Structure formats: C-alpha cells, structure tokens
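Listed below, chain by chain, are the residues.
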Amino acid sequence: MVDLKILAVDDSPTMRRIIINTLKRAGFTDITEATDGKDALAKMKVDNFNFVITDWNMPEMNGLEFVSNVRKSSEYKKLPILMVTTRSVKDDIIEAMKAGVNNYIVKPFTPDTLKEKISQTIESIS
Amino acid sequence: MSETVMVSSKIHEEIRELTQSVDRMAEAFRTLQSPIEESRKQVPEATMQLERINKQTEEATHRVLDMVEQITNDAGNMIQDLKALRKALPATYFKNRSKVRDVFEHMEKVASSSQENAFAIMDTLQFQDITAQQMDHTAHLLDEVETKLHSIKGLFGEEISDEQEEMVISKKRAFDPNARYQDSSESQLQVDKLIESARNGLQK
C-alpha cells in the first residue's frame, strides 16, 4: 500500500500541505499535488498515478467534474478515487458516487480516517 | 361659472397635485440615490476586506505549519537518536543508574508527546480551509448585493461601466455554503452508511 503513487488535488494550499504531511506520516512518499481538476488532468497526462485524493469545491474545474472526466477514459475506469470535502449532504454523496468516486471523507478529517479510507478503497477495488 | 370652466379648473388642480406628487417622488429618489451609491462603494470594500482576512489567515496558517513541521522533524530525529543511543548502550547500562534511566525515559516520553501534539496542531489547522470557504460564501453574497445595487443604479438612469459589471461577474469563488468546523466523526459515520447503501444501489 505504501508504494502508491498518489495525486492530491485541492485548491487550498493549507489542505494540500496537511494532506501531504498526513500521507507521509502514514508512510506514503510518492505524492504529487494539483490545484484543481484542470491541473490534475494535466498532471495525469504526463504521469501515471494509482490513487487520487480530491476535494470537491475548486475553481476552474471542481472535483465532481474532474472525476467525471477521469472516468470517461477507459484507462482510469478502475483508478481508486477518494473525495475529501466538507460536503456531507446525502444528495451530494450520491452525486459523487454516481460521478465515479470510490470513497468519501468529511472535512475536518483525522489521520486515522484518511489511512482507513485509503485501505478500504483499495480493498473495495481489488 | 360655466360647467366647462369648472371642469377645466378641476383638471388644472389635479395636474398641479400630480406634478407636486411627482416632484416629491423625484426628491425621494434623489435622497435614496446617495445611500445606494454609498452602499455600492462600500460593498466591494467589504468584499476586499474579507479577501484580505482570508489571505492573511492563510499566510499565518502556513507560518504555523512551518513551525509545526520543524517541531515534528526535530522530535522525530530526537526519538531516532534516543533509540540509536539505547541500542548502542550495553543492556546492563541502566541497571545501577536509575537516575540516568529516569531522565532517558522522560526524554523519550517528551519527544514522543511533542511530536503527537504537533501533529494534532497540524490536523486542527484544517480550520483555515473551512473558514476560508465560509468567508468566500459571505463574499459571494456581497457580490450578489453589489450586482443588485448596480441594477438599481441602472433604474435611476445611471450607466454602469462594462468594467464594473465584469469585475463582479468574473470573481470565481469555490465554496461549500454549509462548510462548518466541527467534529466530523458523526457525519463520517452517516456518510459511510450512505456510501454502503449507494454502492449496493449502484450495483443493482
């Protein structure tokens, strides 16, 4: 699991830094950051990631649009995607799942929740 | 007095009253224009102030993060050094040195708790993203007020420059209007249940 190549997408520099620190604490070292969906798609064109953590509310391209775009490509049908957001309304979660999100974390999150959801997401896909 | 003259006089009287009434309305509009103009100038000021607060809070949060990272690294190095030292010392080293052992164990404990506390501070700093979203939501509401004030000014016949119009429209804000900084464990449990049932539903 520690060998994952992770793409962390969030428009907030604070959140990106906290997520990266939390991931490093959990033993993950190969992490790339992106500032929004558009930036993430650009980074996915030049690099192969095997796990994505994304926020929902972002300018340019939000998390939902980003996930829908990713899922359009057959190459990324099985790419594990974890959404980390403040949104916890039922309709939002269903919308995210329909867009292709595999798992969902509510902000503010704990490091244990992040670790647990990463393992859960990988297990649910394999 | 003939009937025609009486009607004409009445019409004159009513026209005079109508004119006075229109004058009073025009005066009322003129009186209103000033506070509307004032508000139209103040709303962008308030929005800019919120943006400044957001930026400063973010910068301060990053300074705290710099220090927290420094503490976690230092504490981590100290934990590693103490481990290495313990390994390097003979197994019987602390046998007749209880005072040294106590100090050593205390240092291990302090290094470990300092690291844990620093990590806890880092986790708490997620508040900055959440309050930034709350402020973006407020700024968005102010943008809407500004747009409405522009429309009212338009009703008064004043032209709003394309530049002013564009400034309001072009502000892209990404936020969750319901973002709250609170213990999310309960929400997370509910989300987990929803995901489970959504997964089952999507599989059917």
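Each remark here, short or long, concerns the structure printed above.
Residues numbered from 1 in each chain as written. Chains lettered and ligands numbered in written order. Predicted model: local features only at pLDDT ≥ 70, side-chain atom pairs only at ≥ 80, totals over all residues. Heavy atoms only, no water.

### Focus on the overall build of chain B
Stated precisely, the cut-off is as follows: A helix here means a DSSP run of H or I that spans at least four residues, while a strand means a run of E at least two residues long, and both kinds are numbered starting from the N terminus. As a reference, a globule follows 2.2 Å times the number of residues to the power 0.38, and the radius of gyration itself is taken over C-alpha atoms. Relative accessibility decides the category of a residue: with a 1.4 Å probe and only protein chains considered, values under 20% of the type maximum give buried, values over 50% give exposed, and everything between is partly exposed. Residue contacts are defined here by distance: any two heavy atoms, one from each residue, within 4.5 Å place the two residues in contact. Methods summary: accessible areas were calculated by the Shrake-Rupley approach with a probe of 1.4 Å, and residue burial reflects only the protein chains presented. Residues scored as charged are limited to Lys and Arg (positive) and Asp and Glu (negative), so that His and the chain ends carry no count. Charge coordinates come from a single atom per side chain, which is NZ of Lys, CZ of Arg, CG of Asp or CD of Glu.
In terms of regular secondary structure, chain B is built from five helices and zero strands. Secondary structure elements of chain B, listed N to C terminal, follow the sequence α-α-α-α-α. Relative to a compact globule of 204 residues, whose C-alpha radius of gyration would be 17 Å, chain B shows 35 Å and is clearly more extended. C-alpha extents for chain B along the principal axes are approximately 130 × 50 × 30 Å. Expressed as a percentage of its 204 residues, the buried residues of chain B come to 27%. Counting contacts in chain B only where the partners sit at least 6 residues apart, residues at least 24 apart contribute 83% of the total. Of the accessible surface of chain B, which amounts to about 14300 Å², a share of 56% is contributed by carbon and sulfur atoms. Positive and negative side-chain charges of chain B, numbering 26 and 37 respectively, have mean locations separated by a distance of 10 Å.

### Here we look at the pattern of salt bridges
Close approach of charged atoms allows side chains with opposite charge to pair. Our working rule: Note on definitions: salt bridges are taken to be side-chain nitrogens of Lys or Arg within 4 Å of carboxyl oxygens of Asp or Glu.
On inspection of all chains with the given rule, the structure shows 24 salt bridges over all chains. As a salt-bridge pair, Asp129 of chain B and Lys107 of chain A come within 2.9 Å of each other at their nearest N and O atoms. Of the two residues, Asp129 of chain B sits in helix α3 (residues 127-155) while Lys107 of chain A sits in the loop between β5 (103-106) and α5 (111-125), which places them in two different chains. Here the two residues Asp129 of chain B and Lys107 of chain A agree in accessibility, since each one is buried. One continuous salt-bridge network, built from bridges that share partners, spans Asp10, Asp55 and Lys107 of chain A together with Asp129 of chain B.

### Description of the pairing of strand β4 (residues 81-85) of chain A
Residues and elements named next belong to chain A. Operational definition: We call two strands paired when DSSP finds no fewer than two bridges between them. Seen with the strands pointing away from the viewer, any crossover whose path from the first strand over the helix to the second strand runs clockwise is right-handed.
Of all five residues making up β4, five are buried, and the element is well covered by its neighbours. Burial along β4 is two-sided: the face carrying Ile81, Met83 and Thr85 and the face carrying Leu82 and Val84 are both buried. Sheet topology note: the strand β3 (residues 51-54)/β4 ladder contains three bridges and is parallel. For Ile53, the partnering residue across the bridge sits in β4 and is Leu82. Taken together, β3, helix α3 (residues 63-72) and β4 constitute a β-α-β crossover, and its handedness is right-handed. Sheet topology places β4 next to β5; four bridges connect them, and they run parallel. Across the sheet, residue Leu82 finds its bridge partner in β5, namely Asn103.

### As for the nonpolar core
Stated formally: To form a nonpolar core, buried Ala, Val, Leu, Ile, Met, Phe, Trp, Tyr and Cys residues must be joined to one another through side-chain atoms within 4.5 Å.
By size, the foremost hydrophobic cluster in this structure holds 29 residues, and its most contacted members are Leu7, Val9, Met44, Phe66 and Tyr104 of chain A. Of all the secondary-structure elements, those providing two or more residues to this core are β1 (5-9), α2 (37-46), α3, β4, α4 (90-99) and β5 of chain A together with α5 (185-203) of chain B. Ignoring anything within four residues of it in the chain, the contact list for Phe66 of chain A reads Val9, Gly37, Ala40, Leu41, Met44, Val52, Thr54 and Met61 of chain A. In this structure, Ile6, Ala8 and Phe28 of chain A together with Ala118 of chain B belong to the second largest nonpolar core, which totals 23 residues.

### Brief notes about the sheet that holds β3 of chain A
Residues and elements named next belong to chain A. The test is simple: Every axis in this analysis is a line fitted to C-alpha atoms, fitted for helices over the stretch in contact. Angles between the N-to-C directions lie between 0 and 180 degrees.
With respect to topology, five strands assemble into an open sheet ordered β2-β1-β3-β4-β5, the strand pairing being parallel. Both edges of this open sheet fall to β2 (30-34) and β5, since each of them pairs with a single strand only. Strand-to-strand twist in this sheet, taken as the mean axis angle between neighbours without regard to direction, amounts to 20°. This element, α2, spans β1 and β2 of the sheet and lies at about 135° to β2. In the packing of α5 onto the sheet, contacts are made with β3, β4 and β5, and the angle to β5 comes to roughly 170°.

Everything listed here is a matter of coordinates, which is why it stays silent on function.
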